[in-house]
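# Architecture and fold: a report
Read off the chains here:
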Protein chains: 2
Amino acid sequence: MSTTPALVIKQAKAAMVKYSIERREVGTTDVKVAIAYSGICHSDVHQGREEWGSALFPMVPGHEIVGHVIEVGAGVTKFKLGQTVGVGVFVNSCRECDACKANLESYCEKGPVGSYNATDYNGEVQYGGYAKEIVTDEHFVVSIADGVNLAETAPLLCAGITVYSPLKHWGAAPGKKIAILGMGGLGHIAVKFAVALGAEVTVLGHSLNKKDDAMSFGAIDYRSTADKQTFVDLKNKFDFILNTTSANIPIDDLLGLIKLDGSLVFVGLPSESQEFNVFGVTGARRSISGSQVGGQVEVQEMLDFAAEHKIGATIELLDATEAATIDAAWNRVVSADVRYRFVIDAQTI
Amino acid sequence: MSTTPALVIKQAKAAMVKYSIERREVGTTDVKVAIAYSGICHSDVHQGREEWGSALFPMVPGHEIVGHVIEVGAGVTKFKLGQTVGVGVFVNSCRECDACKANLESYCEKGPVGSYNATDYNGEVQYGGYAKEIVTDEHFVVSIADGVNLAETAPLLCAGITVYSPLKHWGAAPGKKIAILGMGGLGHIAVKFAVALGAEVTVLGHSLNKKDDAMSFGAIDYRSTADKQTFVDLKNKFDFILNTTSANIPIDDLLGLIKLDGSLVFVGLPSESQEFNVFGVTGARRSISGSQVGGQVEVQEMLDFAAEHKIGATIELLDATEAATIDAAWNRVVSADVRYRFVIDAQTI
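Reading the values: the criteria
- Within each chain, residues carry numbers counting from 1 in the order of the written sequence.
- As a convention, the first chain written is A and the first ligand written is 1, with the rest following in written order.
- Per-residue local features of the predicted model are confined to residues with pLDDT of at least 70, and side-chain atom pairs are confined, for both listing and counting, to 80 or more; whole-chain, interface and lining totals are unaffected and use all residues.
- To get the side-chain values, take all heavy atoms of the structure and skip hydrogens and water.
- We count a stretch as a helix when DSSP gives it H or I for four or more residues in a row; a strand needs E for two or more, and each element gets its number in order from the N terminus.
- The size measure is the radius of gyration over C-alpha atoms, and the globule rule it meets is 2.2 Å times the number of residues to the 0.38 power.
- Partly exposed describes any residue whose relative accessible area lies between the buried limit of under 20% and the exposed limit of over 50%, with all areas from a 1.4 Å probe on protein chains only and scaled to the type maximum.
- Accessible areas in this description were obtained via Shrake-Rupley with a 1.4 Å probe; residue shielding takes into account the shown protein chains only.
- In this tally Asp and Glu are treated as negative and Lys and Arg as positive; neither His nor the chain ends contributes.
- Note on charges: their place is set at NZ of Lys, CZ of Arg, CG of Asp or CD of Glu.
- In what follows, a contact means two residues having at least one pair of non-hydrogen atoms within 4.5 Å.
- Once two parts are put together, the accessible area they lose, assessed with a 1.4 Å probe and summed over both, is termed the buried area.
- A side-chain nitrogen of Lys or Arg and a carboxyl oxygen of Asp or Glu constitute a salt bridge if their distance falls within 4 Å.
- By the convention used here, strands pair only if DSSP detects at least 2 bridges between them.
- The domain limits used here are those given by an automatic or database domain assignment.
- Under this definition, polar contacts are N or O atom pairs within 3.5 Å; protein pairs additionally need one hydrogen-donor-capable and one acceptor-capable atom, and for neighbouring residues in sequence, both atoms have to be side-chain atoms.
- Each residue is assigned to one of three groups, with Ala, Val, Leu, Ile, Met, Phe, Trp, Tyr, Cys and Pro labelled nonpolar, Asp, Glu, Lys and Arg labelled charged, and all others, Gly among them, labelled polar.
- Only residues with pLDDT of at least 70 in both copies count here: their C-alpha atoms drive the least-squares fit that superposes the copies.
- Every axis in this analysis is a line fitted to C-alpha atoms, fitted for helices over the stretch in contact. Angles between the N-to-C directions lie between 0 and 180 degrees.
- If an angle is under 35 degrees, it is roughly parallel; if it is over 145, roughly antiparallel; if it lies from 65 to 115, roughly perpendicular; otherwise it is oblique.
- In this analysis, rings of Phe, Tyr and Trp, with Trp reduced to its six-membered ring, are considered paired at centre separations within 6.5 Å, and the interplanar angle assigns stacked below 30 degrees, edge-to-face beyond 60, and tilted for intermediate values.
- Whether a charge sits over a ring depends on NZ of Lys or CZ of Arg being within 6 Å of the ring centre and within 35 degrees of the ring normal.

### Points about the overall build of chain A
- A tally of regular secondary structure across chain A gives 11 helices and 20 strands.
- A compact globule built from 349 residues would reach a C-alpha radius of gyration of about 20 Å, and chain A, at 20 Å, matches this within 12%.
- The burial tally for chain A puts 58% of its 349 residues in the buried class.
- Per element, the accessible surface of chain A, about 13,300 Å² overall, is 49% carbon and sulfur.
- Side chains of chain A give 30 positive and 41 negative charges; the mean places of these two sets differ by 4 Å.

And the structure:
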């Protein structure tokens, strides 16, 4: 065991406090990482405030972790001391099911083990990345190229792979027209990745107040979903729409913007059930689909692609000297008052 | 112009009456068909009773038409006198859009022209197959192999292609496990086709009263959706589920039966909006999708496949000497009191 400073939530909705937590001894295939930066994900807020059902407390949130290797187990083959690495949303999976064998650990049939608010198969409670150090099995550690902006890379470990994986799966590529619905923490990275993948990208937002940013990220158009003309002008236009919002959305109107055989892909997670008219899918063989973060091979591919194309999140860096700063940032996440993702400087924890 | 006896609905919900209607002169690329049998589709009832929005009256329903060629235009190349043929759901499309060029006339971007309750691009109102003759452009006529049971083949022109097309599109084949939800007019043909395509087929019905029929069609299991244990036993089992019902269905429970990357495919058309929880699609990259009848190339492929595998609908043949017999049959369609599809003997019209 070793101890490390962390930001801890002692019970649901409680204010964050600084506190030392224990990390396990570095096992044979484990890597100990000195955390440099830790991104804030909206799902941290949902779980810390117990909005997604019962959660485990005390909780150390955080699954967008970047840093440097400071210790390796005797059996570690992929990493060496000093190497820049990342840890994302999951830290274990069964390694035996069809999904795991297909490098899709995130869809593990036994249920992948989250980086926090989760218990590993052996009973060990997991604490996340709002801390100075973490110990993780090397299978769930990925390599980060030299020379990238490390703070801007942190959000890629969840937000980045959450959008990169469906962009690849549904075929963002030259010649494809796609729409990104919502340009927040997920959506702004989706625009950057989709443009880099060669697709023609339109952003659909409620208001037009992020239009300039979208165009600077490489989008070719930005249209308001509050304007009925949008649904006339863009009828049957897109190969697919990636919905990055967690709001209730007008599914039937959006389906009308999608070509034959196209899809409305959810990565945002609205808590309420969504409604649709069946004629909207049957009439053009469309689908309503969804995905979550990719497996470890794809996380690595995404980070390499991001490094090659100089893609990071657009961030606001937070000093955690006062823990209350992070609580305040969470409130701003809830009110969508951030362009576009918060990252905690772990040196200040 | 020529005239032909037909079953006519003079206004919405009116009783059917026998009446002579006009058919156009046989044009250069037209085929005149002496109708032998005409299937009854649930959509006939919806349209004749104006349940799908405003309809065109007088109406001659029917888009499951089989018969023999009795006249051909000078430019007809595919058909000769006496040949056994079929006419299905559509009788024209733009022939120029991407869908038409991809042999998917049913998804024509200009809007395909229905066989009845529709107006062709030139203004000609279309009358369907509850009649003794029909005149149709050869592009929308398909060939039927010698030796098949012609009455049992009629329902394939709509019900058959409605299920064959998604079975092929979503990959029914050896090694695949699929479920057919609902075993009525569409569902019972879906079971026969899916079995012939080599898939392992389970039927999901509300009650178990069609189990013996399903097993005789080649299904390996039949489970009740009213039994909660079904959703435990069959969790994550199916590559896809084909929903052939028009009822409201428990989408979230059904999604739980589908594997990673699988789909819940609608071909039935519930009139009410359907609800789903987004976690049901994101958690296993599933989709909710839908399709309708295939294009003309696929209709021909389906009929050839049916002939090769000796697949027809299981039918109840109707004598239309009294038009009221057909009204009564419609009522039985609404109450799902038919095993499994009605076919009108057109000689009796």
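### Let's talk about the interface of chain B and chain A
- In this assembly, 33 residues from chain B lie in contact with 33 residues from chain A.
- Here chain B and chain A share an interface that buries about 2,900 Å² over both sides, 66% of which is from carbon and sulfur atoms.
- The three residues of chain B that bury the most area against chain A are Phe 276, Thr 282 and Arg 285 of chain B, which together make up 22% of that side's buried surface.
- Applying the counting criterion to the chain B and chain A interface returns zero salt bridges.
- Of all the elements in the fold, those that place two or more residues in the side of chain B that touches chain A are helix 4 (159-169), strand 16 (258-266), strand 17 (274-276), helix 9 (279-282) and strand 18 (287-290) of chain B.
- Per element, the largest residue contribution to the side of chain B that touches chain A is four residues, and it comes from strand 18 of chain B.
- Of the pairings in the sheet, the one linking strand 17 (residues 274-276) of chain A to strand 17 of chain B comprises three bridges and is antiparallel in character. Residue pairing across strands places Glu 275 of chain A opposite Glu 275 of chain B, the latter belonging to strand 17 of chain B.

### A word on the domain arrangement of chain A
All names here are of chain A.
- When the domains of chain A are assigned, the result is domain 1 (2-158 + 294-299 + 313-348) and domain 2 (160-290).
- Just the C-alpha atoms count here: the centres of domain 1 and domain 2 sit 28 Å apart.
- Taken residue by residue, the interface counts 13 residues in domain 1 and 19 residues in domain 2.
- Of the roughly 1,400 Å² buried where domain 1 meets domain 2, counting both sides, 52% is carbon and sulfur surface.
- Linking domain 1 with domain 2 are one salt bridge.
- Close ionic contact of Asp 213 with Arg 339 constitutes a salt bridge, the shortest N to O distance being 3.4 Å.
- Linking domain 1 with domain 2 are 12 residue pairs in polar contact (both at pLDDT 80 or more), by the criterion used here.
- Classifying every residue of the side of domain 1 that touches domain 2 gives eight nonpolar, two polar and three charged.

### A short note on the environment of Asp 319 of chain A
All names here are of chain A.
- As for its placement among the helices and strands, Asp 319 is situated in strand 19 (residues 315-319).
- Taking C-alpha positions, Asp 319 is 9.0 Å from Val 343, a pair spaced 24 residues apart along the chain.
- Engagement of the side chain of Asp 319 in a polar contact is seen with the side chain of Thr 321, the distance being 2.4 Å.

### Some points on the relation of the copies chain B and chain A
- If you rotate chain B by 180° and push it 0.0 Å along the axis, it lands on chain A with an RMSD of 0.0 Å. Accordingly, the operation relating the two chain copies is best matched by a two-fold axis. In terms of C-alpha distance to the rotation axis, chain B has Glu 275 of chain B as its closest residue, with the C-alpha 2.2 Å off the axis.
- When the interface residues of chain B are mapped onto chain A, 100% of them are again interface residues, pointing to one common binding face.

### Points about the environment of Ser 20 of chain A
All names here are of chain A.
- Considering the arrangement of structural elements, one finds Ser 20 in strand 2 (residues 17-23).
- Ser 20 sits in the partly exposed class, given a relative accessible area of 48%.
- Taking the C-alpha atoms as reference, Ser 20 lies 31 Å from Gly 295; in sequence the two are 275 residues apart.
- Aside from chain neighbours lying at most four places away, what touches Ser 20 is Thr 3, Thr 4 and Pro 5.

### Details of the side chain of Ser 165 of chain A
All names here are of chain A.
- By secondary structure assignment, the location of Ser 165 is in helix 4 (residues 159-169).
- Relative accessible area serves as the criterion here: at 1%, Ser 165 is assigned to the buried category.
- At 2.6 Å, the side chain of Ser 165 forms a polar contact with the side chain of Glu 298.

### Brief notes about the sheet that holds strand 15 (residues 238-243) of chain A
- Sheet architecture is open: 12 strands sit in the order 14(A)-13(A)-12(A)-15(A)-16(A)-18(A)-18(B)-16(B)-15(B)-12(B)-13(B)-14(B), paired in mixed fashion. Edge strands, defined here as strands with exactly one partner in the open sheet, are strand 14 (221-224) of chain A together with strand 14 (221-224) of chain B. For this sheet, the mean angle separating the axes of adjacent strands, direction not counted, is 20°.
- Where strand 12 (residues 177-181) of chain A and strand 15 of chain A come together, four bridges link them in parallel fashion. Across the sheet, the residue bridging to Ile 180 of chain A is Leu 242 of chain A, located in strand 15 of chain A.
- Sitting on the sheet, helix 4 of chain A touches strand 12, strand 15 and strand 16 (258-266) of chain A together with strand 16 of chain B, and the angle it makes with strand 15 of chain A is about 160°.

### Quick notes on the packing of helix 4 of chain B against helix 10 (residues 296-308) of chain B
Residues and elements named next belong to chain B.
- Contact geometry for helix 4 and helix 10: axes closest at 10 Å, N-to-C directions at 95°. It follows that helix 4 is roughly perpendicular to helix 10 by the angle criterion. Note on element contacts: helix 10 touches helix 4 through Glu 298, Val 299, Glu 301, Met 302 and Phe 305, opposite Gly 160, Ile 161, Tyr 164, Ser 165 and Lys 168.
- For the contact of helix 4 with helix 10, the class distribution of residues is five nonpolar, two polar and three charged.

### Things to note about unusual backbone geometry
- Following Phe 57 of chain A, the chain continues into Pro 58 of chain A via a peptide bond in cis, with omega recorded as 0°.
- The residue Pro 58 of chain A is located in the loop between helix 1 (42-48) and strand 4 (65-72) in this model.
- Of note, the bond from Arg 339 of chain A into Tyr 340 of chain A is cis; its omega dihedral lies within 30 degrees of zero at -5°.
- Tracing the sequence through the fold places Tyr 340 of chain A in the loop between helix 11 (324-334) and strand 20 (341-345).
- For Asn 103 of chain A, which is not glycine, the phi dihedral falls at a positive 60°.
- Mapped onto the secondary structure, Asn 103 of chain A falls in the loop between helix 2 (98-101) and strand 7 (113-114).
- Under the relative-accessibility criterion, Asn 103 of chain A is labelled partly exposed at 37%.
- With a phi close to 50°, Asn 117 of chain B is a non-glycine residue in the positive phi region.
- With respect to the helices, strands and loops of the structure, Asn 117 of chain B is situated in the loop between strand 7 (113-114) and strand 8 (118-119).

### Brief notes about the packing of aromatic side chains
- All chains considered together, the criterion is met by 15 aromatic pairs over all chains.
- Ring centres of Phe 217 of chain A and Tyr 340 of chain A lie 5.9 Å apart, and the angle between their planes is 70°; this geometry places the pair in the edge-to-face category. In this pair, Phe 217 of chain A sits in helix 6 (residues 211-217) while Tyr 340 of chain A sits in the loop between helix 11 and strand 20, placing the two residues 123 residues apart along the sequence. For the pair Phe 217 of chain A and Tyr 340 of chain A, one class covers both residues: buried.
- Ring centres 6.4 Å apart and planes at 65° place the aromatic pair Tyr 130 of chain B and Trp 330 of chain B in the edge-to-face group. Note that Tyr 130 of chain B is positioned in the loop between strand 9 (125-126) and strand 10 (133-137) and Trp 330 of chain B in helix 11 (residues 324-334), a separation of 200 residues in sequence. The two residues Tyr 130 of chain B and Trp 330 of chain B agree in class, both being buried.
- Among the aromatic side chains, those forming a connected cluster through ring pairs are Phe 266 and Phe 276 of chain A together with Phe 266 and Phe 276 of chain B.
- Here Lys 192 of chain A stacks its cationic end above the ring of Phe 217 of chain A, 4.8 Å away from the centre of that ring.

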